[in-house]
Structure formats: structure tokens, C-alpha cells
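Working through the structure, step by step
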Amino acid sequence: MTTMESSHGPGTRLYVAVWIGLLAIVGVEVALTYAGLAPGLLLMALLALAVLEAGLGLMFFMHLKYERRILFWSLIPALIFVLLMMNHLWRDASRMIQLHL
Amino acid sequence: MSESEMSLSMHHGAELEESPFGIQSKKLVMWLFIIADAATFGAILFGYGYLRAGSPNWSRPFAFMPTILNGMVMTAILLTSSLTMLFAVAAAQAGRRETSVRWLGLTTLLGIIFAALHLREWFKMFAEGWSTSANPLGGSVLFGGSFFSITGLHLLHVTAGVVALAVIAIGFRRGRFDAAHVETTGLYWHFVDLVWMFVFPLVYLMNAR
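Everything numeric here is computed off the predicted structure, so don't read it as measured data.

1. A short note on the overall build of chain B
- The secondary structure content of chain B amounts to six helices and zero strands.
- Taken over the C-alpha atoms alone, chain B extends approximately 70 × 35 × 20 Å along its principal axes.
- Going through the 209 residues of chain B one by one, you find that 38% of them count as buried.
- Once local pairs closer than 6 in sequence are excluded, the contacts in chain B between residues at least 24 apart make up 76%.

So this is what it looks like as C-alpha cells:
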């Protein structure tokens, strides 16, 4: 193996296990939707499960777990920071509903 | 590493520094594109959340049959296409060119089925009176605008991915592309899958009746 190649760690069994896990999470999401949860709680649960799915996909399907750590630290924190900064808009959404627009 | 790059590193090894990321530049560029595109999808999903939180008469039109069930089938198809893509990459890296091309073909087919199911759902909604500026249920018209924008942007990515997969499969079969091209295209395809993992719960399940 040359130095430029990354290792391609997982094999078929792990891929299939992650795939089954992702399908199961989708099933849980649908079950939660019809479990009668409050909208806020349902949103939090669905978001948490979606982040879990994205993490599994990134780490195993996209092989980020098997790349050099610098790649992860160069990309993912920046994306999380950008997404967190977008949370500033929620107060204005609340104002909109009070204005009855 | 392709033959040409290996040859280059043999001749100019002393002059070239190794990538600090340990990957080829085409793969790094794909990662940069993915992060930028993730921010784009993040912004459009935040925009959808903003409109939804700011609209008192938001519609929740999706019944389990057929919309949520259809969404579940679409999700399973997209997840399965990610698995077949992984097999295509593994076969390409192992030098099994024909096997890789077959997996790429299956991945492309699954992408086409996903797009067809999505379009079928869209046309059904159009027939019911939904559009980007109309809500047949009488609620906020912003529902249609945000729904068709988000799912349309994702469908555009799926369509681009299907075209890219077909081009890479043909080129790889003819020897014009190498395993690294297959892997880089795979990264994009997995990303399209990952985005759907947010679109399905936020846009479909949160609007289920």
C-alpha cells in the first residue's frame, strides 16, 4: 500500500451490519412519529436519530473513521459551527408568529 | 494511487511532499464540496424550520398510506444503493473491474427507482392541487414552497449522482477511470443518502397526520 492510499478498513459484514442498523433507525423514527409524542419532543428525537444515522454513514460508509484524524478535524467541526450559527434565526421566527403574518 | 501518479512519485519523489490528509486531491476536493453542500442543505432545512415555526396554520398533509410508506420504501432503496456502492468500491479496489461495474449498474438502477418514486409522489400532489404557491388544504402556502424546494434540491442531487455513476461505470469499464474515481463518486452518493436521512424525518415524518 502506498502512503497516499487510505486504509479501507471495514469488510462486507460490517457494511451489512451498519446498513441493517440504519434501516432499523428509520423504523424507529416512523414508530416514534405515531407514538403520540409532543411535537417538540418528537423533533428532538428525530433529529437525534438523524444525527446518529449521519454519524454512522460518515464513519463507516464514507470511511471517515479509517482516514487520518486531521481530515475529520479539518472538516466536521467547521460544518457543526456553521450549522450552530444558523440557530440565531429562531427568535425571529417566534416574532413572526406574534405578528400574525 | 493510479499508475500515472505512482510513476510521477517514483520520478519526482524527492520533490513532492505527501498530502497531510493522506488522500488524493480529487478525494479531498470531493470532501470539501460535501461540507459546502451540507451547509447548503443545512441552510435550506433551517429555512424550512423558520417558516414552519413562524406559520400558525402549517399543514400536516401526509397520511401513512401512501405517503409515509412510500417515503420508507424510498429510504430503504437509497440506503440499499449506498450498500451496493460500497460493494462497487471494494470490487474496484480489489481489481475486479467487471464486478465493480455490475455493482455500479445496480446502484444506478436503485437511484433511478428512487427518483421515479419521488416524481410519482410529486405528480400525485400536483394532481391534488399542491404547488409551490398553492395549498389545497387551506393552510399556509409556504408548505408547498418549502416541500418542493427541499425535495427538489435533493432530487437534483440524486439525478446528478445517477448521471455521474453511469459515466464513471462506463469509463471504468473502458479503463479510462480507476478505482479512485469510483471511490470519489461513492463519497458523493453516500452524501446524497445522508442528506435524505434528515429530509425524511424533518419534511415527511414531522408533517405526518
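2. Digging into the overall build of chain A
- Summing up its helical and strand segments, chain A has four helices and zero strands in all.
- Listing each helix as α and each strand as β along chain A from the N terminus yields α-α-α-α.
- Of all 101 residues assigned to chain A, the portion counted as buried reaches 20%.

3. Notes on the confidence of the model for chain B
- Looking at chain B as a whole, the pLDDT averages 93, with 92% of positions reaching at least 70.
- Listed scores for the predicted complex are pTM 0.90 and ipTM 0.88.

4. Observations concerning the packing of helix α2 (residues 25-53) of chain B against helix α5 (residues 142-174) of chain B
Residues and elements named next belong to chain B.
- Relative to each other, α2 and α5 sit at 165°, their axes nearing to 10 Å. As far as their axial angle goes, α5 and α2 are roughly antiparallel. The two elements α2 and α5 cross, and the hand of that crossing is left-handed. Within the contact between the two elements, α2 uses I44, L45, Y48 and L51 and α5 uses L142, S146, S149, I150 and L153.
- Grouping the amino acids of the contact of α2 with α5 by side-chain chemistry returns seven nonpolar, two polar and no charged.

5. Overview of α5(B)
- The end-to-end C-alpha separation of α5(B) is 48 Å, in line with the 48 Å expected for 33 residues at 1.5 Å each.
- Looking one or two residues beyond α5(B), the residue adopting positive phi is G175(B), at roughly 90°.

6. As for the environment of T184(B)
All names here are of chain B.
- Along the chain, the position of T184 falls in helix α6 (residues 179-204).
- T184 gets classed as buried once you count the C-beta atoms within 10 Å, which come to 21.
- T184 sits 51 residues away from S133 along the chain, and the two C-alpha atoms are 38 Å apart.

7. What about α2(B)?
- Look at α2(B): 42 Å from first C-alpha to last across 29 residues, which is about the 42 Å you get at 1.5 Å a residue.
- Those residues of α2(B) that sit buried are K27(B), M30(B), W31(B), I34(B), A38(B), F41(B) and Y48(B).
- In the core, the buried residues of α2(B) are packed alongside α3 (69-85) of chain A together with α5 and α6 of chain B.

8. Some details on the interface of chain B and chain A
- Taken residue by residue, the interface counts 40 residues in chain B and 38 residues in chain A.
- Considering only residue class, the side of chain B that touches chain A consists of 29 nonpolar, nine polar and two charged.

9. Structural notes on the packing of helix α4 (residues 97-128) of chain B against α5(B)
Residue and element names in this part refer to chain B.
- The contact between α4 and α5 brings their axes to 9 Å, and the two run at 160°. Considered as vectors, α4 and α5 are oriented roughly antiparallel to each other. As for how α4 packs across α5, the hand of that crossing is left-handed. Residue-level contacts link R97, S100, V101, L104, G105, T107, T108, G111, I112, F114, A115 and H118 of α4 to T151, L155, V158, T159, G161, V162, L165, A166, I168, A169, F172 and R173 of α5.
- In terms of residue class, the contact of α4 with α5 is built from 13 nonpolar, nine polar and two charged.

What counts as what
Residues numbered from 1 in each chain as written. Chains lettered and ligands numbered in written order. Predicted model: local features only at pLDDT ≥ 70, side-chain atom pairs only at ≥ 80, totals over all residues. Helix = DSSP H or I, 4+ residues; strand = E, 2+ residues; numbered from the N terminus. Buried ≥ 20, exposed ≤ 12 C-beta atoms within 10 Å, placed from the backbone. Contact = placed C-beta atoms within 7 Å. pLDDT = per-residue confidence, 0-100. Axes fitted to C-alpha atoms, helices over the stretch in contact; angles between N-to-C directions. Parallel < 35°, antiparallel > 145°, perpendicular 65-115°, else oblique. Left-handed = near helix turned anticlockwise from the far one by under 90°. Nonpolar A, V, L, I, M, F, W, Y, C, P; charged D, E, K, R; others polar. Expected span 1.5 Å × (residues − 1).

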